[in-house]
Amino acid sequence: MAVDSALESPLGPAACEKDAKALRFIEEMTRNADSVQEKVLGEILSRNAETEYLQRFKLFGATDRETFKSTIPMVKYEDLQPDIQRIANGDRSAILSAHPISEFLTSSGTSAGERKLMPTIKEELDRRQQLYSLLMPVMNLYVPGLDKGKGLYFLFVKSETKTPGGLLARPVLTSYYKSEHFKTRPYDPYNVYTSPNEAILCSDSFQSMYTQMLCGLLERQQVLRVGAVFASGLLRAIRFLQLNWPELAHDIRTGNLNPKITDPSLRQTMSRMLKSDPELADFVTEACSRDNWEGIITRIWPNTKYLEVIVTGAMAQYIPTLDYYSCGLPKACTMYASSECYFGLNLNPMSKPSEVSYTIMPNMAYFEFLPHDPNSSTVSTRTPKLVDLADVEVGKEYELVITTYAGLCRYRVGDILRVTGFHNSAPQFHFVRRKNVLLSIDSDKTDEAELQKAVDNASELLREFNTSVAEYTSFADTRTIPGHYVIYWELLVKESEESLGDDVLSKCCLAMEESLNSVYRQGRVADNSIGPLEIRVVKSGTFEELMDYAISRGASINQYKVPRCVSFTPIMELLDSRVVSAHFSPALPHWTPERRR
């Protein structure tokens, strides 16, 4: 069939004129990546020339790259925290941005146990919306017919709070879902959800999940794609179905909504959608009452073409479980974004998870790259030279550094990326990992220092028993849904007459959880995205065996350090074969939406 020449694009034939326009924009931006970057930096520096931050470094209104690079230092969050705190406390002067800070986006990276506060301005919503508008035109190149059905996406808002100065502080996706950009989005036949806005915007996670799942079951034949933001979120939805299918089937059979759904707007919306359907109720009962849930996604939603979930970085650990539930359906990772900035999109969204590369869109912010040597253990004392977007080299790894319209200047995001190639003159990156992150189940990120502090605090409970933690390591166990942290302890017992019981070690689990950051604790308490922490006590001498094993594989005995996190199967098997007892946190840790003062 001949394709209308107006719909042709170097990326492929567009599905419609709207898509063609989006694909032409991608081509224009990526063909001229360096000149777009130069323009973006000029705009940012020009509009923010009078801000306190740029004046502090005596930029004197310069907008060229050379002056910017020689004048403005590279920073981490801790460097900006005093300025950010002033804004949070109500200072409305032009500190970081000439445009008023409209709200704070809370990053899942943490600072002193709290989510980081990322300042943003109203126009950033337009920039984020523009990137969202490019996703389906690219997907339509690979998967035809998405206008013939709907997407079942499990999307949720999370808790928000206000800073002392009255600004909202909330996760970036909550900000987007609650914005008019999302709530009044124009109808797009290629991008229709089964979930009504009322279900997505319900702040009660049970009611939101229940009604989104119910809508997905009611429209099972129309579902062409199933997804969530993270792989962990989709698996949590499957687990929710396992636990709640009898009630869901009952609602479908009777046409009456579960009385646990108390949100008035949600009940009103569902009353228009829910009608008695005994045949569908019988199907759900038959499909879900089986012991074997292999392929449950394709059984219930037989027309599903792909899963849309992030499975890069820490989320890669969920791929085998997703394959099990979906009979190996393709997994599409469509975009790369964070609270600080939206970065780019995947121009080959149906690629294997291990081969996913994101094309940075040069109009989103000004991007620089700090060379990262994964094999180097020494810390250089020289100030490293940052590389521009168009000058990165294929095969090399870099840490991402951004300068945004909202006032972040040469800010280290903490993501390590590897260059895999170029689309036109724009580089494509594979996400390698978050820098220094040890454990992650969902949006939580726990580093080595934080884990050490948690172990130290918990081990205080062992003192009265003349016992201490001799060695420890950890791993994120994603075989359970939700996943949970597992900490292996080897204990040193000093002539104790009283042996440690489950009660003491369970309290140690809870003490560790109380010591972890607020993102972890929110996952445990409010989001139900993380299961109770587990301590597995191993036999005396286990960590010596671990060292012997590492040395047998070529490690130097002089440089050997106990790994604080493990994932290599033989090591896990060795540790598990030496476990003498396992203990779980007996209660939820303390968490409230309010920030610590």
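In the annotation of an unreviewed UniProt entry, the protein is listed under the name Indole-3-acetic acid-amido synthetase GH3.1 and assigned to Rhododendron griersonianum. As stated in UniProt under Sequence similarities (unreviewed entry), the record for the protein gives "Belongs to the IAA-amido conjugating enzyme family."

(A) Geometry of the overall build of the protein. Of regular secondary structure, the protein possesses 20 helices and 22 strands. For a compact globule of 597 residues, the expected C-alpha radius of gyration is about 25 Å, and the protein comes in at 25 Å, within 12% of that figure. Once the C-alpha set of the protein is aligned to its principal axes, its extents read approximately 80 × 70 × 50 Å. Once local pairs closer than 6 in sequence are excluded, the contacts in the protein between residues at least 24 apart make up 69%. Placing the 66 positive and 76 negative side-chain charges of the protein at their respective mean positions leaves the two points 3 Å apart.

(B) Representation of the sheet that holds strand 19 (residues 467–477). Pairing is mixed across the open sheet formed by four strands, whose spatial order is 19-20-21-22. Of all the strands in the sheet, the pair left with one neighbour each is strand 19 and strand 22 (579–584). Along the sheet, successive strands turn relative to each other by an average axial angle of 25°, direction set aside.

(C) Structural view of the environment of Ala-526. Secondary-structure assignment places Ala-526 in the loop between helix 18 (518–525) and strand 21 (534–538). Those residues in contact with Ala-526 that sit more than four places away from it in its chain are Ser-205 and Trp-591.

(D) Representation of helix 16 (residues 448–459) within the structure. With twelve residues, helix 16 extends 16 Å between its outermost C-alpha atoms, agreeing within 8% with the 16 Å of an ideal straight helix rising 1.5 Å per residue. Where helix 16 starts, the residue carrying a side-chain oxygen 2.8 Å from the main-chain nitrogen of Glu-450 turns out to be Asp-447.

(E) Inspection of unusual backbone geometry at higher detail. The step from Ile-481 to Pro-482 runs through a cis peptide bond, and the omega angle for that step is -5°. Residues other than glycine seldom take positive phi values, yet Lys-58 does so here, at roughly 55°. When you line up the elements, Lys-58 lands in the loop between helix 3 (52–56) and helix 4 (65–71). Judged by its relative accessible area of 55%, Lys-58 falls in the exposed class. Non-glycine residue Asn-466 carries a positive phi angle of around 50°. Looking at the element boundaries, Asn-466 is found in the loop between helix 16 and strand 19. Classification of Asn-466 as partly exposed rests on a relative accessible area of 42%.

(F) Expanded view of helix 13 (residues 278–288). Within helix 13, the full set of buried residues consists of Leu-280, Ala-281, Val-284, Ala-287 and Cys-288. End-on view of helix 13: buried residues confined to an arc of 135°, all on one side of the axis. Buried residues along helix 13 sit against helix 10 (205–218), helix 11 (231–254) and helix 14 (296–300).

(G) Seen up close, the sheet that holds strand 3 (residues 150–154). With parallel pairing, the four strands of this open sheet are ordered in space as 3-6-7-8. Across the chains shown, the open sheet's two edge strands, defined by having one partner strand only, are strand 3 and strand 8 (331–332). Lying on the sheet, helix 10 is in contact with strand 3 and strand 6 (223–230); it crosses strand 3 at an angle near 160°. Running at roughly 120° to strand 6, helix 11 makes contact with strand 3, strand 6 and strand 7 (306–310) of the sheet.

(H) Region of the structure containing the packing of helix 11 against helix 15 (residues 319–326). Viewed as axis vectors pointing N to C, helix 11 and helix 15 meet at an angle of 45°, and their least axial separation amounts to 10 Å. As the angle between them shows, helix 11 and helix 15 are arranged oblique. Considering the relative orientation of helix 11 and helix 15, their crossing is left-handed. Here Ala-231, Leu-234, Leu-235, Ile-238 and Gln-242 of helix 11 lie close against helix 15, whose contacting residues are Thr-321, Leu-322 and Tyr-325. Across the contact of helix 11 with helix 15, the residue classes tally to six nonpolar, two polar and no charged.

(I) How the structure looks around the side chain of Arg-524. Mapping Arg-524 onto the fold places it in helix 18. Residue classification places Arg-524 among the buried positions, given a relative accessible area of 6%. In terms of polar contacts, Arg-524 uses its side chain to reach the backbone carbonyl oxygen of Ala-587, at 3.2 Å. Beyond its immediate chain neighbours, meaning those up to four positions away, Arg-524 contacts Glu-513, Ile-530, Gly-531, Pro-532, Ser-585, Ala-587, Leu-588 and Pro-589.

(J) Spotlight on the pattern of salt bridges. Applying the stated rule across the entire model yields 40 salt bridges. When the shortest N-O distance is used, the salt bridge between Glu-52 and Arg-56 registers 3.1 Å. On the criterion of helical spacing, the pair formed by Glu-52 and Arg-56 is a turn pair, its members being four residues apart in helix 3. On the accessibility criterion, Glu-52 (29% relative accessible area) is partly exposed. Relative accessible area serves as the criterion here: at 38%, Arg-56 is assigned to the partly exposed category. For Asp-388, the salt bridge is made with Arg-65, and the minimal N-O distance between the two is 3.0 Å. Of this pair, Asp-388 sits in strand 13 (residues 387–388) while Arg-65 sits in helix 4; the two residues are 323 residues apart in sequence, bridging distant segments of the chain. By relative accessible area, Arg-65 is classed as buried at 10%.

(K) Here's a closer look at the environment of Arg-225. You can see Arg-225 is positioned in strand 6. Remark: the alpha-carbon pair of Arg-225 and Leu-152, spanning 73 residues in sequence, is separated by 6.2 Å. Here Arg-225 is in contact with Met-136, Leu-146, Lys-150, Gly-151, Leu-152, Tyr-153, Tyr-190, Asn-191, Val-192, Thr-304, Tyr-306 and Glu-308, once residues within four sequence places are set aside. A distance of 2.9 Å separates a polar atom in the side chain of Arg-225 from a polar atom in the side chain of Tyr-153.

Reading the values: the criteria
- Residues numbered from 1 in each chain as written.
- Predicted model: local features only at pLDDT ≥ 70, side-chain atom pairs only at ≥ 80, totals over all residues.
- Heavy atoms only, no water.
- UniProt positions renumbered as here; feature names shortened; annotations may be inferred.
- Helix = DSSP H or I, 4+ residues; strand = E, 2+ residues; numbered from the N terminus.
- Rg over C-alpha atoms; globule rule 2.2 N^0.38 Å.
- Contact = heavy atoms within 4.5 Å.
- Lys, Arg positive; Asp, Glu negative; His and termini not counted.
- Charge placed at Lys NZ, Arg CZ, Asp CG, Glu CD.
- Pairing = 2+ DSSP bridges.
- Axes fitted to C-alpha atoms, helices over the stretch in contact; angles between N-to-C directions.
- Expected span 1.5 Å × (residues − 1).
- Polar contact = N/O pair within 3.5 Å; in protein donor to acceptor, adjacent residues only side chain to side chain.
- Buried < 20%, exposed > 50% of the residue type's maximum accessible area, 1.4 Å probe, protein only.
- Arc of directions from axis to C-beta.
- Parallel < 35°, antiparallel > 145°, perpendicular 65-115°, else oblique.
- Left-handed = near helix turned anticlockwise from the far one by under 90°.
- Nonpolar A, V, L, I, M, F, W, Y, C, P; charged D, E, K, R; others polar.
- Salt bridge = Lys/Arg side-chain N within 4 Å of Asp/Glu carboxyl O.

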